Amino acid sequence: MEMEKKKLIQFKNIVKDFDGQLVLKGINLDIYENEFVTLLGPSGCELCSLELRRSFEKLRILGGFLEASEGHVIFDGEDIAQLPPYKRELNTVFQKYALFPHMNVYDNIAFGLKIKKMSKDVIEQKVLKMLKLINLEGFEKKDVTLLSGGQQQRIAIARALVNEPKVLLLDEPLGALDLKLRKEMQYELKKIQQEVGITFIYVTHDQEEALTMSDKIVVMKDGEIQQVGTP
């Protein structure tokens, strides 16, 4: 018998109002531990980027960068509405990667651990483990600005994962890559998610991407959830 999966995140009636315009209209959604969930905006329409932003507003509310106008976000049994972003057990990977150009690969990945004042040995152990996970062993000293888009993307993911968050939020992280690389990275991401065994929440309007990677797809339209289900 399959073990009952644990609800990790619950969006309860989340409403977001921007200057009188409702961008999220009472969102209710449960996300479970170790689940790969994709928020899918509609494709091939002028409003896509708006829809995607709406999906992303949900991520930002979860990450603590944006406050909901109404409703609650329950994370691991606790209402986190008042919790600042740095105290939430989640990290975000953005489409623009946001790597630190003046730091090498090692220091980029180690950044969060240094802030937590971990010992050098522990940091080294964790960074090397991450480099192995993302298939970039031996890249420690490399200049991040000289790496390919796919390599930079992986380092951004490693930098987020090394902090051992319970949830990784991914905002269209493959959007800047060419098609062949996107395909490779889709499988790579799914593999990483299964290996680290944490919850991934992914925003995209690429249907194929959603179908390839997700355990659960949440179809968003006009600030509402249209449908939730497996691929």
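As a convention, each chain's residues are numbered from 1 in the sequence order in which they are written. Local features are withheld for residues below a pLDDT of 70 in this predicted model, meaning they are given only at 70 or higher, and side-chain atom pairs are given and counted only at 80 or more; totals for whole chains, interfaces and linings count all residues. Note: side-chain values were computed over all heavy atoms of the structure, leaving out hydrogens and water.

J.: Even after reading the chapter, I still don't get the overall build of the chain, so can you show me in this structure?
T.: Scanning the chain for helices and strands turns up 6 helices and 10 strands. Against the compact-globule benchmark of 17 Å for 231 residues, the chain has a radius of gyration of 18 Å, which places it among compact chains. Expressed along its principal axes, the backbone C-alpha trace of the chain runs to roughly 50 × 45 × 40 Å. Exposure is judged per residue with a 1.4 Å probe applied to protein chains only, and the accessible area is read against the type maximum: over 50% gives exposed, under 20% gives buried, and values in between give partly exposed. Of all 231 residues assigned to the chain, the portion counted as buried reaches 48%. The long-range share in the chain, meaning contacts at least 24 apart out of those at least 6 apart in sequence, stands at 70%. Of the roughly 11800 Å² that the chain leaves accessible, carbon and sulfur atoms contribute 51%. Each helix is a run of DSSP H or I of at least 4 residues and each strand a run of E of at least 2, with the numbering of both proceeding from the N terminus. The size measure is the radius of gyration over C-alpha atoms, and the globule rule it meets is 2.2 Å times the number of residues to the 0.38 power. Residue contacts are defined here by distance: any two heavy atoms, one from each residue, within 4.5 Å place the two residues in contact. Only the protein chains shown count as cover for residues, and the accessible areas themselves come from Shrake-Rupley with a 1.4 Å probe.

J.: Can you walk me through the pattern of salt bridges in this structure?
T.: It is possible for side chains bearing opposite charge to pair when their charged atoms get close. In what follows, salt bridge is the name for a side-chain nitrogen of Lys or Arg lying within 4 Å of a carboxyl oxygen of Asp or Glu. Applying the stated criterion across every chain, the model contains 14 salt bridges. Here Lys114 and Asp107 are joined by a salt bridge, their closest N and O atoms 2.9 Å apart. Here Arg182 ties to Asp206 by a salt bridge, and the two come within 3.5 Å at their closest N and O atoms. With Arg182 in helix α5 (residues 179–196) and Asp206 in the loop between β8 (199–204) and α6 (207–213), this residue pair connects regions lying 24 residues apart in the sequence. Judged by its relative accessible area of 14%, Arg182 falls in the buried class. Through salt bridges with shared partners, one network takes in Lys6, Glu33, Asp76, Glu89 and Lys166.

J.: Could you clarify how one ought to interpret the side chain of Asn91 in this entry?
T.: Mapped onto the secondary structure, Asn91 falls in strand β6 (residues 90–93). Each polar contact in these results corresponds to two N or O atoms within 3.5 Å; when the atoms are within protein, one needs to be able to donate a hydrogen and the other to accept it, and residues that are neighboring in sequence are counted only if both atoms are side-chain atoms. Only 3.3 Å separates the side chain of Asn91 from the backbone oxygen of Ala160, close enough to count as a polar contact. Those residues in contact with Asn91 that sit more than four places away from it in its chain are Arg159, Ala160, Asn163, Pro165, Val167, Leu168 and Leu169.

J.: Teacher, can you tell me more about the pairing of strand β9 (residues 216–221) here?
T.: Where a strand is regular, its side chains alternate between the two sheet faces. When DSSP locates at least two bridges between a pair of strands, those strands are taken to pair. One ladder, built from 4 bridges, connects strand β3 (residues 36–40) with β9; its direction is parallel. Along β9, the bridge assignment pairs Val37 with Lys216. Pairing analysis gives 5 bridges linking β9 to strand β10 (residues 224–229), with the strands arranged antiparallel. Bridge pairing links Ile217 to Gly229 in β10. Between β9 and the antiparallel strand that follows it, β10, lie 2 residues; Asp222 among them carries a positive phi value of about 50 degrees.

J.: Help me out: how do you make sense of the sheet that holds strand β2 (residues 21–32) in this one?
T.: Paired through backbone hydrogen bonds, the strands of a sheet run either parallel or antiparallel to each other. The 4 strands lie next to each other as β2-β1-β4-β5, forming an open sheet whose pairing is antiparallel. Both outer strands of the open sheet, β2 and β5 (78–79), are each paired with one neighbouring strand and no more. Two strands pair when backbone bridges link them, and strand β4 (residues 70–75) and β5 are joined in this way by 2 bridges, in the antiparallel orientation. Counterpart to Ile74 in the pairing with β5 is Asp79.

J.: Whenever I open this one, the sheet that holds β6 confuses me. Can you help?
T.: Read from one edge to the other, the open sheet built from 6 strands follows the order β6-β7-β8-β3-β9-β10, with strand pairing classed as mixed. Sheet topology places β6 and β10 at the edges, where each strand pairs with a single neighbour. Taken pair by pair, the neighbouring strands of this sheet meet at an average axis angle of 20 degrees, ignoring direction. Its contacts with the sheet place helix α4 (residues 149–161) against β6, β7 (167–171) and β8, and it is angled at close to 170 degrees to β6. Comment: axis = line fitted to C-alpha atoms, over the contacting stretch for helices; angle = value between 0 and 180 degrees taken between N-to-C directions.

J.: Honestly, the side chain of Thr204 in this entry has me stumped. Any pointers?
T.: You can see Thr204 is positioned in strand β8. With relative accessibility at 0%, the residue Thr204 sits in the buried group. Only 3.1 Å separates the side chain of Thr204 from the side chain of Glu209, close enough to count as a polar contact.

J.: What is the right way to read the nonpolar core from this model?
T.: Nonpolar side chains tend to gather and get buried jointly when the protein is soluble and globular. Membership of the largest hydrophobic core comes to 37 residues, with the highest contact counts inside it found for Ile109, Leu161, Leu168 and Phe200. Taken together, the elements giving at least two residues each to this core come down to α2 (105–115), α3 (120–133), α4, β7, α5 and β8. Per-element tally for this core: the top contributor is α4, with 6 residues. Filtering out sequence-adjacent residues up to four positions away, Ile109 remains in contact with Val127, Met130, Leu131, Ile155, Ala158, Arg159 and Val162. Among the nonpolar cores identified, the runner-up in size contains 24 residues, and Leu24, Leu59, Leu90 and Val218 belong to it. Remark: nonpolar core denotes a set of buried residues (Ala, Val, Leu, Ile, Met, Phe, Trp, Tyr, Cys) joined through side-chain atoms within 4.5 Å.

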